[in-house]
Amino acid sequence: MRVVLITGAAQGVGYATARLFAETGHHVVMTDLQPLDAQIETLSALGGSVSGLSGDISSEAFVTGLAEKVAREHTAVDVLVNNAGISLICRAEDTSFDQWQKVMNINLTGPFLLCREIGKQMLARQRGNIVNVASIAGLHGVIDRSAYNASKHGLIGLTRTLAAEWGSRGVRVNAVCPGWIKTEMDEADQGSGAYSDTDIINRVPMGRFAKPEDVARAIAFLAHDDSFINGVSLPVDGGWVADASWDDLRLKKR
Ligand SMILES: NC(=O)c1ccc[n+]([C@@H]2O[C@H](COP(=O)([O-])OP(=O)(O)OC[C@H]3O[C@@H](n4cnc5c(N)ncnc54)[C@H](O)[C@@H]3O)[C@@H](O)[C@H]2O)c1
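Read on for an overview of the structure. Note that the structure is predicted; figures quoted are calculated from it, not measured.

## Focus on the nonpolar core
Here is step 1 of the chain: Judged by nonpolar contacts, the single largest core of 67 residues is most densely connected at Leu5, Ala18, Val28, Val176, Val215 and Ile219.
Here is step 2 of the chain: Per-element accounting of this core gives the leading share, 8 residues, to helix α4 (residues 97-125).
Here is step 3 of the chain: Not counting chain neighbours up to four residues away, the residues in contact with Val215 comprise Val13, Val176, Pro178, Ile181, Ala210 and Val236.

Right under this line is the structure:
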């Protein structure tokens, strides 16, 4: 049974990904800052093989402990999904040092630590693959998100570097770049009044938000064992980054 380790698995994209892998015959190791008992119970009741450990992925001690635990209990991780992340909507000139550091620690340093610790195990077996959850904010600038965008641009840079460094040693590394997804993160961001459903729907050629399951399927596609795909940053965005049209032009086509 392939073992899949997913960060930020308590809700949103991470949970949808855990569910998809559990439903398709994988053992899923879920990790999150939040408790995972209810999620493990639900997925187990659906017939999934699931375990979990709560902790902070930006803590080096937690990540090394997690990597030791999965090595002890499962021999190897076949797929690592670096999904945990936080949002920050704030003008660049108002972003504090602590806010910047927190976003970088969780969105970039955490995935690096997981790539390093789980990647070592994969390199030893010459087998495994990693999918990092970046964002279209890792491909383009979006106003009022300097720390978030820089962290996601960095995550894409890390993805490309590891793909080049580890590709010859049996480990592939890719990223997905979702557009706006209907999750708790979106609910919290919209709660601050930063944007509305209409803003997003009007911007996306396919005229809707991504669903967590859209992103989960793209992650599973990149994580497929029999693949020559390495180092890509795959938009899962209904056409957002492909579309340089102005709003009126796009909306006339609806
Ligand atoms: N929601 C969107 O519109 C959107 C768009 C593009 C990319 N993304 C990215 O997709 C990923 C998942 O987003 P989501 O919308 O499901 O978010 P979410 O807020 O619903 O879920 C994120 C999960 O990560 C966990 N988490 C946060 N900090 C953590 C830490 N330090 N250690 C361990 N777990 C931690 C949270 O507890 C939560 O369960 C994130 O990386 C996010 O940046 C989201």
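Next comes the rest of the description.
## Re the packing of α4 against helix α5 (residues 146-166)
Two quantities define a packed helix pair, namely the angle between the axes and the distance from one axis to the other.
Here is step 1 of the chain: Taken N-terminus to C-terminus, the directions of α4 and α5 make an angle of 15°; their axes are 9 Å apart at the nearest point. It follows from the interaxial angle that α4 and α5 lie roughly parallel. Here the hand of the crossing between α4 and α5 comes out right-handed. Along its contact with α4, which presents Gln99, Trp100, Val103, Met104, Asn107, Leu108, Pro111, Phe112, Cys115, Gly119 and Leu123, the element α5 presents Ala147, Tyr148, Ser151, Lys152, Gly154, Leu155, Leu158, Leu162 and Trp166.
Here is step 2 of the chain: Taken together, the residues that form the contact of α4 with α5 break down as 14 nonpolar, 5 polar and 1 charged.

## Thoughts on the packing of helix α1 (residues 12-23) against helix α8 (residues 212-222)
Here is step 1 of the chain: For the pair α1 and α8, the least separation of the axes is 8 Å and the interaxial angle reads 55°. Put simply, α1 runs oblique to α8. Considering only the axes of α1 and α8, their crossing is right-handed. The residues of α8 that touch α1, namely those facing Gly12, Val13, Ala16, Thr17, Leu20 and Phe21, are Pro212, Glu213, Val215, Ala216, Arg217, Ile219 and Ala220.
Here is step 2 of the chain: A per-class count over the contact of α1 with α8 returns 9 nonpolar, 2 polar and 2 charged.

## Points about the site of the ligand
Here is step 1 of the chain: Around the ligand, the structure places 27 residues, and the nearest of them are Gly8, Gly12, Gly85, Thr183 and Met185.
Here is step 2 of the chain: At the level of secondary structure, the elements contributing two or more residues to the shell around the ligand comprise α1 and α6 (184-191).
Here is step 3 of the chain: Grouping the amino acids of the shell around the ligand by side-chain chemistry returns 12 nonpolar, 11 polar and 4 charged.

## Comments concerning unusual backbone geometry
Here is step 1 of the chain: The backbone phi angle of Thr75 is positive, close to 70°, even though this residue is not glycine.
Here is step 2 of the chain: A positive phi is found at Gln126, a non-glycine position, where the angle reads about 60°.
Here is step 3 of the chain: Within the fold, Gln126 resides in the loop between α4 and β5 (128-133).
Here is step 4 of the chain: Given 11 C-beta atoms within 10 Å, Gln126 falls into the exposed group.

## Comments concerning α1
Here is step 1 of the chain: Compared with an ideal rise of 1.5 Å per residue, which puts 12 residues at 16 Å, α1 spans 17 Å between its outermost C-alpha atoms and is within 8% of the ideal.
Here is step 2 of the chain: Burial within α1 is extensive, with 11 of its 12 residues counted as buried.
Here is step 3 of the chain: Regarding α1, the residues found buried are Gly12, Val13, Gly14, Tyr15, Ala16, Thr17, Ala18, Arg19, Leu20, Phe21 and Ala22.
Here is step 4 of the chain: Gly25, located one to two residues past α1, shows a positive phi value of around 85°.

Conventions we followed
- Residues numbered from 1 in each chain as written.
- Predicted model: local features only at pLDDT ≥ 70, side-chain atom pairs only at ≥ 80, totals over all residues.
- Core = buried A, V, L, I, M, F, W, Y, C linked by C-beta atoms within 7 Å.
- Buried ≥ 20, exposed ≤ 12 C-beta atoms within 10 Å, placed from the backbone.
- Helix = DSSP H or I, 4+ residues; strand = E, 2+ residues; numbered from the N terminus.
- Contact = placed C-beta atoms within 7 Å.
- Axes fitted to C-alpha atoms, helices over the stretch in contact; angles between N-to-C directions.
- Parallel < 35°, antiparallel > 145°, perpendicular 65-115°, else oblique.
- Left-handed = near helix turned anticlockwise from the far one by under 90°.
- Nonpolar A, V, L, I, M, F, W, Y, C, P; charged D, E, K, R; others polar.
- Near = placed C-beta within 6 Å.
- Expected span 1.5 Å × (residues − 1).

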